[in-house]
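The primary structure of each chain is shown beneath.
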Amino acid sequence: SKFKDGLSKTRDNFTGRMNELFAQYRTVDEDFFEELEEILIGADVGVTTVMELVEELEHEARIQNITDTRKLAPVISEKLAAKLEKREDDTRLNVQKDGLTVFLFVGVNGVGKTTTIGKVAHSFKQEGKKVMLAAGDTFRAGAIEQLEVWGERVGVDVIKQQAGSDPAAVMYDAIQSARSRKADILLCDTAGRLQNKVNLMNELEKVKRVISKEIPDAPHEVLLVLDATTGQNALSQAKTFKQVTNISGIVLTKLDGTAKGGIVLAIRNELDVPVKLIGLGEKVEDLQPFDAEQFVYGLFK
Ligand code: GDP
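Residues numbered from 1 in each chain as written. Predicted model: local features only at pLDDT ≥ 70, side-chain atom pairs only at ≥ 80, totals over all residues. Heavy atoms only, no water.

**Q** What is the right way to read a nonpolar patch on the surface from this model?
**A** A grouping of I41, V47 and M51 is seen on the molecular surface, where their side chains present a nonpolar patch of about 240 Å² in accessible area. Along the chain, I41 falls in helix α3 (residues 30-42). (Patch = residues over 30% accessible without salt bridge, like charges linked within 9 Å, V, L, I, M, F, W, Y side chains within 5 Å. Areas by Shrake-Rupley, 256 points an atom, 1.4 Å probe, with all protein chains shown as cover. Salt bridge = Lys/Arg side-chain N within 4 Å of Asp/Glu carboxyl O. Helix = DSSP H or I, 4+ residues; strand = E, 2+ residues; numbered from the N terminus.)

This is how it looks when you write it as structure tokens:
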């Protein structure tokens, strides 16, 4: 139900337009597909994904001999869902059975990175795990304090150093503290300066190196946080981040704040990275694991 509420803007926009489409066009023809294309692009599904999808639908209509647009409706949702559920997708977070699990969060400022770290900390805490945070964004003024606010809010410790200190040193410290306090999960913030790609790349590589030197398989997730309300911009951010570092999953925030939730499809289809979590509000419990089927069928109800 949280899922449904959070997507209501997208759903109202999308279903409204789809209903108009089916009312206006009864026969499956070129005009129908053109209008469908426009609706999907308007929902931020992304040109590449829309083109693929419409081609598949045209093909499907031809081989199944579908001429009534309403008979094509279920095929549309099926194909949309298939685009989101790619082959080997695993949307579960990689949590270790024993020992310390370390996640890195990357993304530009303002996308909801700190909020997401707070939400993830809360949800692990709910599962009975001991969680700690590492204030690895030592660059942006206020980033450390902001993380501390979240730490207090959810009741978890934050490991920090002074502003301007070496993020890799913060991570090293954080791992030692996490070990001595027998924490299960360490969630690490990082700086998000995409303006200077080379610096960011070096910084993230150094941070990763320090972490994996302490724990060979870590970081166990590198989660890229993207703001759904920025639409195609989020997609281009993701492409740039992929050049900077390996990403294991995407967190798409603020889906509640956009009528263009189709961006999930664009992101999933155009990048080879699964969407693992979605943000559906500002509160600590407004985070959900991403479920492709639920998402697509949520759009049609
Ligand atoms: P950061 O700079 O990336 O760390 O971003 P913050 O975590 O400070 O978030 C920026 C703003 O986005 C804050 O006002 C958050 O409350 C808001 N925010 C974060 N996630 C969500 C979400 O899923 N939905 C909504 N509506 N707001 C969000």
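**Q** Would you explain the site of the ligand in this entry?
**A** Lining the immediate surroundings of the ligand are 17 residues, of which G110, T114, T115, Q146 and E282 lie closest. G110 has a polar backbone atom sitting 2.7 Å from an oxygen atom of the ligand. Here an oxygen atom of the ligand and a side-chain polar atom of T114 are 2.4 Å apart. Within the complex, 79% of the 580 Å² of free accessible area of the ligand lies under protein. No other element matches the 4 residues that helix α6 (residues 113-126) contributes to the shell around the ligand. (Near = heavy atom within 4 Å. Polar contact = N/O pair within 3.5 Å; in protein donor to acceptor, adjacent residues only side chain to side chain.)

**Q** Please clarify how the nonpolar core should be interpreted in this entry.
**A** As a rule of thumb, nonpolar side chains are buried together in soluble globular proteins. Ranked by internal contacts, the top residues of the largest apolar core, which has 102 residues, are L187, I267 and F295. Residue contributions to this core peak at 6 residues, all from helix α5 (residues 69-84). Residues contacting L187, with those up to four places away along its chain left out, are F103, F105, I117, V120, A121, V131, M132, L133 and A134. (Core = buried A, V, L, I, M, F, W, Y, C linked by side-chain atoms within 4.5 Å. Buried < 20%, exposed > 50% of the residue type's maximum accessible area, 1.4 Å probe, protein only. Contact = heavy atoms within 4.5 Å.)

**Q** Before we go on, may I ask you to explain the environment of T69 in this structure?
**A** Within the secondary structure layout, T69 lies in helix α5. Classification of T69 as buried rests on a relative accessible area of 0%. Considered as a pair, T69 and T27 are 42 residues apart in the sequence and their alpha carbons are 5.4 Å apart. Within polar-contact distance, the side chain of T69 engages the backbone oxygen of Y25 at 2.7 Å.

**Q** What exactly am I supposed to notice about the pattern of salt bridges here?
**A** If charged atoms from side chains of opposite charge come close, those side chains can pair. Tallied over the full model, the rule gives 14 salt bridges. Of the charged contacts, one joins D189 and K113 as a salt bridge, the two residues approaching to 3.4 Å between their closest N and O atoms. Of this pair, D189 sits in strand β4 (residues 185-189) while K113 sits in helix α6, and the two are 76 residues apart along the sequence. Taken as a pair, D189 and K113 share a single burial class, namely buried. Here E214 and R179 are joined by a salt bridge, their closest N and O atoms 3.1 Å apart.

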